[in-house]
Amino acid sequence: MATIMEEIPYDNKKTAKASPADSLSEEKKSLPDVEKVRAVSSDEELDSLATKGDDDDPAYNVLPQIVREICDFEDDTTMPVLTFRFYVISAIFTALGAWLTQMGFFRTTYIPYSIYFVQIASLYVGRFFARVLPNKRVGYGRFSFELNPGEFTIKEHVAVVLAANTGATNNLGDYVLAPLQVFYEKPMNGWLAILFMWSAVFIGFSFASFARVFLIENPSIPFPLTLQQAAVFKAMRSSVIGDSATSKRQMRVFWYTILIFFCWQFLPEYAFPFTSSLALLCWFSKNPKAQFLGSGLGGAGILNITLDWSNIGSTMIYYPYWAQLNFLAACVVTAWILVPIGFINGIWGSDKYPIQTQTLYLRNGSTYPTRELLINDSDLNEVLFDEIGPPMMSAQLRWEYFFSYVAYIGSFVSCMLFQGPALWRSYKQQWQGGRVHNDKLTQLARQYPQVPLWWNLALFGISFAILIVLTATGVLYMPIYMLFIGLAIGALIVLPMGFIYAVSGYQMQVGYFNELFYGYAIDAGGTRHPIGSLSYRVISGQCWYEAQSMLSDMKLGHFFHIPPRATLTAQIWGIIVGVPVNYATILWVCNTKGGILTGAMTDPNHQWTGQTVISLYNQSICFALIGPRRLFNDPIYTPMLYGFLVGAVVPCILYLLHRWKPKARFDLWSVPIFGDKCEHFWGNISNSFFTWFILGTLNHLYFKRYRYNFWKKYAYLWGAAADTGYNFNMLIIFIAFSAAKTVTMPNWWGNNAKSVERCFYVPEDGMHMVQ
């Protein structure tokens, strides 16, 4: 994989008539390519393109030029970071984000909590606190602090965002807590649940710290999305504090966009859900085949347009265009080609059960008796299993597993081929005991005391001890040896997969592989309770995801010269605040929407479907209780395992083609990204990617390419404002219509009780039912 440089297009010679292929090449350059930026005429009004630092100084010229443009190389070591204002402001924004993001786990689509909103809003709140808080010291001796140490500094501001980045997320503990409460009616004790979620996160923190020298201090690895965040920091503070005419226009656009999207989202989310899915084919034909192909709520969603921002989001602004093309290819192959073929022709078992479902079936098409298979609270009912055989998955679910294995192995092979040599050189330098990197940013970071080794060991040791107790007492339903294996695998993947994320900005999923591995490993002995599989996925997966998030935040702190100890403290504070909110949100959703989460009730807008919870439950039945050995004895599942072979071979072919024809840019064909996106389940909403790609194309091939100055001023702010308006709308809808009493929207033409998109003739069980 190659490094993605997004903030300033890299090109040595820009012609007036550039082809779309040129634009793709700008989006993804290899590490040695990022030495020069394209020439920019004065009328483009870019604030600063003068390289900072002496080009002849190795401490500067080793850094990519875009890093030199964004970062400052003067540091005030006395600037306050972890102030009273930091703790209050970060707690507010972290708690809000943890609630919104955790709710998104139970929805079909949602907009991730906008960290850009936190960046912008926290600046205003921090400056407000700096004006109104009294200038006094409270407390006693060493335990005293200044209520208002003066100006709200850039380091305080970044620390707030670091805490929100870490804590304002959903916690993978929902993999265990939600199925336990919804399907098994055995909710975990609240304190144990919070300790479980905290422990998996903090182990990930300790893993990330050991990878710091390879990924954070390496000047050639800028973390593209983190760089974009740094660019927004710089532009935003300049615009707000500088008070120029341009900055005033930017802020007006920001606030007006928030207002517009806040008001608009009441239509698709509540009053006029017809706007969430404009199924063109349904309007012109009553034929069941055409209606299935056009429906975006349970169909293939071909040419379907959505006006619901929860189905779109601002990722089309900052994801590189080459990645968006990989996404489109994956979505077209799965949603527009494979789903219609299987559905209309009734192949791959689609003549017996729906092609788009995560429910398990018997061979005759009736629902699989998953509850009856579990006896003695942990054992498989062998007599019943011999009678009914393994469960039948939908065709879509089977190819999701296939492509997940392609993506998992493909990520390792791609990393080894494209970035392996550079990673090996860094490892050898570190092993020899010398300083691997000595660039200017690293020199500034070394002014501060580093995080002591015992901090990381303590984080790991305490969390590990808690997980051992929870496992040994049966709270996690898995044998204790799987805890050790899960942590070992989680540690092993941090560096290679973290490297992929660091140079590409794309996060790989590891859940399907983890459950397959658990299913085979559990044959060594121990309970086969399905929840054990989910607990293993949390421990092995959460460690990796948190390590990745922490590394990204550490890079942001590195760019702004935040002391390493303050960075870690801010991240720990974010998790301390966020996890209890995560737990409370899980509890509320499971108690109020349990019928939807089990599939007993249906949300007419197909948003509250609980598809993730249902999927986790069925996966745990297949791979823990029944086990992959029994499952893969059935020929219908044999092709799934060939995904490992495809994932190993295809990157090698692309690498050889890239070496043979570098200008053809075969390195843009990302096997991990394509395979990972093919895992997406389209059974409830398939109308998102087409609109998203249209807007992404307009963003990258028009505004970014031909109106770059306009794009630079407004793109990130507009996207952040749109996400923020949506998030506020969700908050108000929750408070007004469901917090105390559920108030449903009356049915009318734009909120039809049978089909909100007015596709009345879509067959629910397959084309064979209407022929």
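Residues numbered from 1 in each chain as written. Predicted model: local features only at pLDDT ≥ 70, side-chain atom pairs only at ≥ 80, totals over all residues. Heavy atoms only, no water.

1. Quick notes on the overall build of the protein
The test is simple: Where helices and strands are cited, they refer to DSSP runs of H or I of at least four residues and of E of at least two residues respectively, numbered from the N terminus. Think of it in three bands: with a 1.4 Å probe and only protein chains considered, a residue is buried below 20% of the maximum accessible area for its type, exposed above 50%, and partly exposed in between. Where accessible areas are quoted, they stem from the Shrake-Rupley method and a 1.4 Å probe; at the residue level, only the protein chains shown are allowed to cover.
Scanning the protein for helices and strands turns up 32 helices and 4 strands. For the protein, with 771 residues in total, the buried portion stands at 61%. Here the protein has roughly 30300 Å² of accessible surface; of this, 63% comes from carbon and sulfur atoms.

2. Observations regarding helix H29 (residues 642-660)
The line we're drawing: Helix span, as expected, comes to 1.5 Å for every residue beyond the first. Note that the arc is defined by the directions from the helix axis to the C-beta atoms.
Between its terminal C-alpha atoms H29 stretches 27 Å, which fits the 27 Å expected from 19 residues at 1.5 Å a residue. Of the positions making up H29, those classed as buried are Gly643, Gly647, Pro651, Leu654, Tyr655 and His658. Burial along H29 is one-sided: seen end-on, the buried residues are contained in an arc of 105°. Structural note: H29 exposes Leu645, Leu656, Arg659 and Trp660 on the side pointing more than 90 degrees away from its buried face.

3. Section: the nonpolar core
For clarity, the threshold we go by: Nonpolar cores were defined as sets of buried Ala, Val, Leu, Ile, Met, Phe, Trp, Tyr and Cys residues, with membership established by side-chain atoms within 4.5 Å.
Judged by nonpolar contacts, the single largest core of 205 residues is most densely connected at Phe106, Val118, Leu373, Met393, Leu551 and Phe623. Looking at this core element by element, the count peaks at 14 residues for helix H24 (residues 530-559).

4. Comments concerning the environment of Ser350
Positionally, Ser350 belongs in the loop between helix H16 (321-345) and helix H17 (370-373). Overall, Ser350 belongs to the buried group, its relative accessible area being 2%. Considering only alpha carbons, one finds Ser350 and Ser394, 44 residues apart in sequence, at a separation of 7.1 Å.

5. Comments concerning a nonpolar patch on the surface
Applied cut-off: Residues enter a patch when their relative accessible area is above 30% and they make no salt bridge; the linking distance is 9 Å between like charges and 5 Å between nonpolar side chains (Val, Leu, Ile, Met, Phe, Trp, Tyr). Any Lys or Arg side-chain nitrogen found within 4 Å of a carboxyl oxygen on Asp or Glu counts as a salt bridge.
Together, Ile337, Ile341, Ile347 and Trp348 make up a nonpolar patch on the protein surface, roughly 310 Å² of accessible area in all. By the element assignment, Ile341 lies in helix H16.

6. A few points about the packing of aromatic side chains
To be explicit about the condition: Aromatic pairs are defined between Phe, Tyr and Trp rings, using the six-membered ring for Trp, whenever the two ring centres lie within 6.5 Å; interplanar angles under 30 degrees are classed as stacked, those over 60 as edge-to-face, and all others as tilted. Whether a charge lies above a ring is judged from NZ of Lys or CZ of Arg, which has to be within 6 Å of the ring centre and within 35 degrees of the ring normal.
Under the counting rule described, the total for this entry stands at 47 aromatic pairs. Between Phe710 and Tyr714 the ring centres are 5.1 Å apart and the planes differ by 50°, which places this aromatic pair in the tilted class. Here Phe710 and its partner Tyr714 are both found in helix H32 (residues 708-739), 4 residues apart, which amounts to about one turn of the helix. Classification of Phe710 by relative accessible area gives partly exposed; the value is 46%. These aromatic residues form a ring-pair network of at least three members: Tyr401, Tyr405, Tyr408, Phe412, Tyr512, Phe513, Phe517, Tyr518, Tyr536, Phe623, Phe632 and Phe644. Seen from the ring of Trp660, Lys661 lies directly overhead, with NZ or CZ sitting 5.1 Å from the centre.

7. Details of the side chain of Asn311
Note the following rule: We call two N or O atoms a polar contact when they sit within 3.5 Å, provided that within protein one can donate a hydrogen and the other can accept it, with sequence-adjacent residues counted only if both atoms are side-chain atoms.
Relative to the helices and strands, Asn311 resides in the loop between helix H14 (288-294) and helix H15 (315-318). Only 3.0 Å separates the side chain of Asn311 from the side chain of Thr306, close enough to count as a polar contact. Among the polar contacts made by the side chain of Asn311, one reaches the side chain of Asn687 at a distance of 3.5 Å.

8. As for the state of the cysteines
For clarity, the cut-off: Cysteine sulfur atoms are paired as a disulfide whenever they fall within 2.5 Å.
Taken as a whole and assessed by the stated rule, the structure comprises 1 disulfide. Each disulfide pairs two cysteine sulfurs, and for Cys282 the partner residue is Cys759, the sulfurs being separated by 2.0 Å. Looking down the S-S bond of the Cys282 and Cys759 bridge, the torsion is 110°, so its handedness is right-handed. Highlighted residues: Cys282 in helix H13 (residues 280-284) and Cys759 in the segment after H32, separated in sequence by 477 residues. Each member of the pair Cys282 and Cys759 is classed as buried.

9. Looking at the pattern of salt bridges
Oppositely charged side chains can pair when the atoms bearing their charge come close. Applying the stated criterion to the full structure yields 9 salt bridges. Residue Glu146 is joined to Arg137 by a salt bridge in which the shortest nitrogen-to-oxygen separation is 3.4 Å. Through salt bridges with shared partners, one network takes in Asp523, Arg528 and Arg629.

10. Focus: unusual backbone geometry
What is expected of a backbone is that most residues other than glycine have negative phi and most peptide bonds are trans. In this model, Arg665 sits at a positive phi of 55°, which is unusual for a non-glycine residue. By the secondary structure assignment, Arg665 is in the loop between H29 and helix H30 (671-678). For Arg758, which is not glycine, the phi torsion reads 65° and is therefore positive. Among the structural elements, Arg758 can be located in the segment after H32.

11. A short note on the environment of Cys759
For the record, the criterion: Contacts between residues were defined by any pair of non-hydrogen atoms, one from each residue, lying within 4.5 Å.
Residue classification places Cys759 among the buried residues on the basis of a relative accessible area of 6%. In this structure the C-alpha to C-alpha distance between Cys759 and Ser295, which are 464 residues apart in sequence, comes to 6.5 Å. Apart from the residues within four sequence positions on either side, Cys759 is in contact with Ala279, Cys282, Gln291 and Ser295.

12. Comments concerning the side chain of His561
The topology assignment puts His561 in the loop between H24 and helix H25 (564-592). Filtering out sequence-adjacent residues up to four positions away, His561 remains in contact with Asp72, Phe73, Glu74, Asp75, Lys155, Leu441, Leu444 and Tyr448.

13. Regarding the packing of helix H8 (residues 190-210) against H24
Going by this rule: Lines fitted to C-alpha atoms define the axes here, with helix axes fitted over just the stretch in contact, and angles between the N-to-C directions of these axes take values from 0 to 180 degrees. By the definition adopted for this analysis, an angle is roughly parallel if under 35 degrees, roughly antiparallel if over 145, roughly perpendicular if from 65 to 115, and oblique otherwise. Handedness of a crossing follows from how the near helix is turned relative to the far one, being left-handed for an anticlockwise turn of less than a right angle and right-handed for a clockwise one. Note that Gly is not counted as nonpolar here; it falls among the polar residues with everything else outside the nonpolar set of Ala, Val, Leu, Ile, Met, Phe, Trp, Tyr, Cys and Pro and the charged set of Asp, Glu, Lys and Arg.
The interhelical angle for the contact between H8 and H24, taken along N-to-C directions, is 50°, at an axis separation of 7 Å. By the angle class used here, H8 and H24 are oblique. Between H8 and H24 lies a crossing whose hand is right-handed. Seen from H8, the contacting residues are Phe196, Ala200, Val201, Ile203, Gly204, Phe205, Phe207, Ala208 and Ser209; seen from H24, they are Val538, Ile539, Gln542, Cys543, Glu546, Ala547, Met550 and Leu551. A breakdown of the residues in the contact of H8 with H24 according to their chemical character gives 13 nonpolar, 3 polar and 1 charged.

14. Brief notes about the packing of helix H23 (residues 511-521) against H24
Between H23 and H24, the least distance of the axes is 9 Å, while the angle of their chain directions is 135°. By the angle class used here, H23 and H24 are oblique. At the point where H23 passes H24, the crossing takes the right-handed sense. Together, Gly511, Tyr512, Asn514, Glu515, Phe517 and Tyr518 of H23 and Gly532, Ser533, Tyr536, Arg537, Ser540, Gly541 and Tyr545 of H24 make up the contact between the two elements. Across the contact of H23 with H24, the residue classes tally to 5 nonpolar, 6 polar and 2 charged.

15. Observations regarding the confidence of the model for the protein
For the record, the criterion: You can read pLDDT as the predictor saying how much it trusts each residue, on a scale of 0 to 100.
Taken over all residues, the pLDDT of the protein has a mean of 80, while the share at 70 or more is 85%. Mean pLDDT across the elements of the protein ranges from a minimum in helix H1 (residues 20-27), with 40, to a maximum in helix H6 (residues 154-167), with 93. Taken as a whole, residues 1-51 scores under 50 in pLDDT and shows 128 contacts with residues more than four places along the chain or in a different chain. Within the model, the stretch residues 766-771 combines pLDDT values under 50 with 12 contacts to residues more than four positions away or in other chains.

16. Topic: the environment of Val160
Along the chain, Val160 turns up in helix H6. Overall, the relative accessible area of 0% leaves Val160 in the buried class. As a C-alpha pair, Val160 and Leu123 span 37 residues in sequence and 9.4 Å in three-dimensional space. In this view, Val160 contacts Phe86, Ile89, Ser90, Val118, Ser122 and Phe152; residues no more than four positions away in its chain are not counted.

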